[in-house]
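# Structural features, examined
These are the residues of each chain, in order.
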Amino acid sequence: MNIIAAADRNWAIGRKGRLLVSIPNDHKFFREETTGKVVVFGRKTLQTFPQGMPLQGRTNIVLSRDAAFQVKGAVTVHSLEELRRVLEPYPTQNVYCIGGENIYRQLLPWCDTAHITKIDHIYEADAYFPNLDRDSDWEITGESDEQTYFDISYTFFRYERRK
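Residues numbered from 1 in each chain as written. Predicted model: local features only at pLDDT ≥ 70, side-chain atom pairs only at ≥ 80, totals over all residues. Heavy atoms only, no water.

With 28 residues, the main nonpolar core has Phe 129 and Leu 132 as its most contacted residues. For this core, the secondary-structure elements that each account for two or more residues are β1 (2-7), β4 (38-42), β5 (59-63), α3 (80-87), β7 (95-97), α4 (101-107), β8 (113-119) and β12 (152-161). When near neighbours in sequence (up to four residues on either side) are disregarded, Leu 132 contacts Trp 11, Leu 108, Ala 114, Ile 116, Trp 138 and Tyr 159. Of all hydrophobic cores here, the second largest spans twelve residues; its members include Val 39, Phe 49, Leu 55 and Val 71. (Core = buried A, V, L, I, M, F, W, Y, C linked by side-chain atoms within 4.5 Å. Buried < 20%, exposed > 50% of the residue type's maximum accessible area, 1.4 Å probe, protein only. Helix = DSSP H or I, 4+ residues; strand = E, 2+ residues; numbered from the N terminus. Contact = heavy atoms within 4.5 Å.)

Quick look at the structure:
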C-alpha cells in the first residue's frame with residue numbers, strides 16, 4: 001500500500017482541518033499518482049474535498065467510526081478489519097492512504113511506499129504525519145530536484161519500507 005502526503009519541515013500536514021499550503025504542482029502529482037487507483041481516507045478529510053464529495057476517477061473508501069455514516073460515490077467502512085476485507089481484491093500498489101492524521105497513523109504499518117512532498121518551511125499546525133526520517137523502518141529511495149512555488153521551496157521524496 002502507498003501513503004501520500006505533503007508535510008513541512010516538522011512533518012506538519014494541516015491546521016484547523018485544512019492543508020497548510022496549496023501548491024499546484026503538488027496537487028498535480030497527487031492527481032497523477034492516484035487517478036484510477038483506490039484512495040482511503042477519513043471522514044474529516046472527505047469534508048475538505050470540493051463540495052465534500054469523493055474524488056472523481058478513483059475508488060473512494062472512507063474509514064469512519066460512525067456506523068451510520070455513508071456518502072454517495074464512496075464505500076464506507078467502520079473498522080480496520082472491514083477495510084482489510086474491502087481492499088482484498090485490489091493490488092496493494094494501487095491503494096493510497098491519503099489522510100488525515102489519524103488515518104495515516106493507523107495505516108502506516110500497512111504501507112510499504114510513501115510519497116512525501118517536503119515543504120521547506122515551518123507552519124503553525126495541529127496535524128502531523130509520522131516522521132519517516134526518524135523511523136529506521138523507512139529509507140529514501142527517490143528524490144526530485146528542489147522546486148519552488150513563489151517563495152515556497154519543496155521536494156518530492158519517495159520512501160520505501162526496508163525489507
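Count 3.6 residues to each turn of an α-helix, and residues three or four apart come out pointing the same way. For helix α1 (residues 24-34), the set of buried residues is Asp 26, Glu 33 and Thr 34. Projected down its long axis, α1 carries its buried residues within an arc of 80 degrees, all on one side. Tucked inside the fold, the buried residues of α1 contact β1, β4, β7, β8 and β12. The positive-phi residue at the C-terminal boundary of α1 is Gly 36, with phi of around 80 degrees. (Arc of directions from axis to C-beta.)

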